[in-house]
Amino acid sequence: MVIDSNWQVGRRIVELGVLAEKMYCCRCNVPLYLHDTLHERTTGFGSYLQIICTNQECRTVTDVPTGKVGRTGSFDITAKIVIGMIHAGLGYAQIRNFLTECNLPVMSKSCFQKHEKKIGKIFVSAGEESCKNAQQLEKEISADKELELEVSFDAGWQKRDSGFNYNSLTGHASMIGKQTGKVTCYDIRSKSCKFCEHHEGKKETVPSHDCCRNWYGSSKSMEPDMAISMAHKMNDNECAIDVIHADNDSTTMLKLKLDFENLKKKDDQNHTTMGITKSLIELSKRHKELKPGEVIPYLNRCFMYAITQNSSSELQIDEGLSRIVPHVFEDHELCGAVDWCTFKDDPISFKYKSLPNGKPLISEDLRRFRNLIEKYKSKASSLRNLGSTQANESFNHSVATKAPKSK
Ligand SMILES: [Zn+2]
Ligand SMILES: [Zn+2]
Ligand SMILES: [Zn+2]
């Protein structure tokens, strides 16, 4: 037995309960003393302390583990640290630097990668399982309420600098059930594989491996591809989608329609708001009256109010939209009983709270503004019960926080 005192240096992650239970001689069962440690053998983030028995007749050396050891013989803490690292969105280099500064032992990169791979597989199968359960639940609840099966869909890309960076190497997407709010399906597209690139860089043939490169097209075209394969996956699980809420990317919808003729699309509330704001900003370039900071948000609120308050009927959405132009131009005839217009309560001292100086709009050639309203009126049916991809966006955000930029 090599005797060394390295075990006295630095810190360890120790499970006190395990230590308390194991500090007995394996042969004569007398309590052991930590200062009788002869040697320490580290494996991953745990270690075995080799402690010699105080009993002069025994002097047996016992292997005392510093924490729980799993069936495969590796310390639980090792897997825990790798899981924690993935959760926190850190890479090997960061965790190594962190542990080094704490004077804690650091495991090798290869050992770390081995664990990461193993845990990754477990994560994937847990994810699949969870999605399948969510699909069944979504289907059951929708059927109970005699509703169609609705999901929201959105894709995200890694390495997003400003807006969408379509050069990113990986993209992911999710479908979230309207009734359950749970992720019913997800998918990933990756243009890069570190293993392939390593060998390709050396101009070698790439040995067979568990490759994560599954996309050779453009980053932008990942979105429709993921939408289609996810819709098929749900279909294959007898959980066919009737309605999809998505942003207004028409390519995805067109491609989906090729395989799923009867699939209906609903616009997403956020993207509709953004679309209206964009059109109004465009208009404001020609019409000074729309320039003051408060005007566009006010008109946008009028739009969204008309759409969301009367969300169930096309006719009511139409009426709601028809009210906007007269109202902002001081004609309240159509405002009638709506509670957001207070003109009827006090016609004499009525003021527009959100327009400059409380005054109505006057410019007659704001006709284009009417055209914008007409455009939305013509698609009133897709504005009914607007969906929301907010849950997907929040999911994308979680994914981004867990994906280290460089490992
Ligand atoms: Zn003993
Ligand atoms: Zn590969
Ligand atoms: Zn009014």
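Residues numbered from 1 in each chain as written. Chains lettered and ligands numbered in written order. Predicted model: local features only at pLDDT ≥ 70, side-chain atom pairs only at ≥ 80, totals over all residues.

In sheet architecture, strand pairing relies on hydrogen bonds along the backbone and comes in two forms, parallel and antiparallel. The sheet built from three strands is open, its strands ordered S1-S2-S3 with antiparallel pairing. In this open sheet, the two strands that pair with only one neighbour each are strand S1 (37-43) and strand S3 (61-65). Mean inter-strand twist for the sheet, computed between neighbouring axes without regard to direction, equals 20°. (Pairing = 2+ DSSP bridges. Helix = DSSP H or I, 4+ residues; strand = E, 2+ residues; numbered from the N terminus. Axes fitted to C-alpha atoms, helices over the stretch in contact; angles between N-to-C directions.)

Our focus in this paragraph is the domain arrangement of the protein chain. In terms of domains, the protein chain is made up of domain 1 (6-107), domain 2 (152-264 + 389-402) and domain 3 (270-383). The gap between the C-alpha centroids of domain 2 and domain 3 is 37 Å. (Domains from an automatic or database assignment.)

Its 15 residues give helix H10 (residues 314-328) an end-to-end C-alpha distance of 22 Å, which sits within 8% of 21 Å, the value for a rise of 1.5 Å per residue. All of the buried residues along H10 are Ile317, Gly320, Leu321, Arg323, Ile324, Val325, His327 and Val328. Buried residues along H10 sit in contact with helix H9 (295-309), helix H11 (367-378) and helix H12 (380-383). Looking one or two residues past H10, glutamate 330 carries a phi angle of roughly 70°, positive in sign. (Expected span 1.5 Å × (residues − 1). Buried ≥ 20, exposed ≤ 12 C-beta atoms within 10 Å, placed from the backbone. Contact = placed C-beta atoms within 7 Å.)

Below, the discussion takes up unusual backbone geometry. Located in the positive-phi region is glutamate 238, a residue other than glycine, with phi close to 55°. Here glutamate 238 lies in the loop between helix H6 (222-236) and strand S7 (243-246). Using a count of 9 C-beta atoms within 10 Å as the deciding quantity, one classes glutamate 238 as exposed. The phi torsion at glutamate 330 lies on the positive side, around 70°, for a residue other than glycine. Judged by C-beta crowding, with 13 C-beta atoms within 10 Å, glutamate 330 ranks as partly exposed.

With that out of the way, let us pick up the packing of helix H2 (residues 76-88) against helix H4 (residues 109-144). As a packed pair, H2 and H4 sit with axes 10 Å apart at the nearest point and diverge in direction by 75°. Our classification of the angle between H2 and H4 gives roughly perpendicular. Within the contact between the two elements, H2 uses Thr78, Ala79, Val82 and Ile83 and H4 uses Phe112, His115, Glu116 and Ile119. A class-by-class count of the residues in the contact of H2 with H4 yields five nonpolar, two polar and one charged. (Parallel < 35°, antiparallel > 145°, perpendicular 65-115°, else oblique. Nonpolar A, V, L, I, M, F, W, Y, C, P; charged D, E, K, R; others polar.)

A few words on H2. Between its terminal C-alpha atoms H2 stretches 18 Å, which fits the 18 Å expected from 13 residues at 1.5 Å a residue. Three or more residues of H2 are buried, namely Ile77, Thr78, Ile81, Val82 and Met85. Down the axis of H2, the smallest arc covering the buried residues is 140°, so these residues share one side. The exposed set on the far side of H2, more than 90 degrees from its buried face, consists of Gly84 and His87. Buried residues belonging to H2 abut strand S2 (46-52), helix H3 (92-101) and H4. Looking one or two places after H2, you find glycine 89, whose phi comes out positive at around 70°. (Arc of directions from axis to C-beta.)

With that out of the way, let us pick up the packing of H6 against helix H7 (residues 250-259). Each pair of packed helices gets described by two things: the angle between the helix axes and the distance between those axes. Contact geometry for H6 and H7: axes closest at 9 Å, N-to-C directions at 35°. Handedness of the crossing formed by H6 with H7: right-handed. Where H6 approaches H7, its residues Glu223, Pro224, Ala227, Ile228 and Ala231 are matched on the opposing element by Thr251, Thr252, Lys255, Leu256 and Asp259. (Left-handed = near helix turned anticlockwise from the far one by under 90°.)

One open sheet holds the five strands; their spatial order is S6-S5-S4-S7-S8, and the pairing between them is mixed. Single-partner strands in this sheet number two, and they are strand S6 (183-190) and strand S8 (264-267). Sheet twist, expressed as the mean angle between neighbouring strand axes with direction ignored, is 25°. Two elements, strand S4 (residues 150-157) and strand S5 (residues 170-177), share seven bridges in a ladder whose sense is antiparallel. Across the sheet, valine 151 pairs through a bridge with glycine 177, a residue of S5. Strands in contact with H4 are S5 and S6; relative to S6, the strand with the most contacts, it is inclined by about 140°. Here H6 sits on the sheet and contacts S4, S5 and S6; the angle it forms with S6, its principal contact strand, is near 140°.

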